[in-house]
Amino acid sequence: TGNVSRNLNDDPYLLMVRKFDPTGMSALRMGINGFRRKSEDVNGGFGGEVTRSSEENWASLVIGKEWRRNLGSGFYAFGGFDGRGIYRNSQSKSVQFDGWSRTEIITNASEFGGSAGGFGGIGVKLHDRIVLYTESIIFVQMLQTERSFSVNGSNTTLESKTTFSVIPMVPIALFLTVQF
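Figured I'd write up the structure that's included with this text. Predicted model, so just to flag it, every value in this text is computed and none were measured. (Residues numbered from 1 in each chain as written. Predicted model: local features only at pLDDT ≥ 70, side-chain atom pairs only at ≥ 80, totals over all residues. Heavy atoms only, no water.)

The subject of this paragraph is the pairing of strand E4 (residues 75–97). With 23 bridges connecting them, E4 and strand E5 (residues 102–127) associate as antiparallel partners. Within E5, the residue paired with Ser94 across the bridge is Ile105. Taking the residues that link successive antiparallel strands as the turn, the E4-E5 hairpin has four residues, and the phi of Gly99 there is positive, at about 100°. (Pairing = 2+ DSSP bridges. Helix = DSSP H or I, 4+ residues; strand = E, 2+ residues; numbered from the N terminus.)

Below, the discussion takes up the pattern of salt bridges. Evaluation of the coordinates by the stated rule reveals 14 salt bridges. Of the charged contacts, one joins Arg29 and Glu135 as a salt bridge, the two residues approaching to 3.2 Å between their closest N and O atoms. On the criterion of sequence distance, the pair formed by Arg29 in strand E2 (residues 26–45) and Glu135 in strand E6 (residues 130–151) is long-range, its members being 106 residues apart. Of the two residues examined, Arg29 and Glu135, each falls in the buried class. Ionic pairing is found between Asp82 and Arg84, a salt bridge with its closest N-O pair at 2.9 Å. Classification of Arg84 by relative accessible area gives buried; the value is 6%. Via salt bridges that share partners, Arg18, Arg29, Glu66, Arg68, Asp82, Arg84 and Glu135 belong to a single interconnected network. (Salt bridge = Lys/Arg side-chain N within 4 Å of Asp/Glu carboxyl O. Buried < 20%, exposed > 50% of the residue type's maximum accessible area, 1.4 Å probe, protein only.)

Structure, rendered in structure tokens:
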């Protein structure tokens, strides 16, 4: 789990694994998150038929190092560094048929890149294996964006750019962790 930027990987990690050293004061952290959505809509009638479909896929991976410091009464502070990889692809397609001609319109968008930076937070051990915590980040991110538009196979590039940004994020969620 962990906060990330409000662009591609804007959700906490779906699965985060931490491997602590024998002292329990530092850990290697690895996480993965992903999303896939597909939809179709078909409308027909005397005026013709329209088919719309869209598909979106994205994934985000993280690996980092975390250090902890006990504050007493079950509370602890932590911080460290993460590196993240980002991938996203979406496609929308509309096919119209009026009985005589067929028009196919496709829009594509893809983004990929990575980020690296520091995180810090505070947590409290509620039980021997249950922890509640939050964290904030400051990351430097590189993102490559490609967008295109196609009508009946004639492709037009709408955007092709690389952006660099600094992403600060205050804590936006509380995380409940079960330790094994």
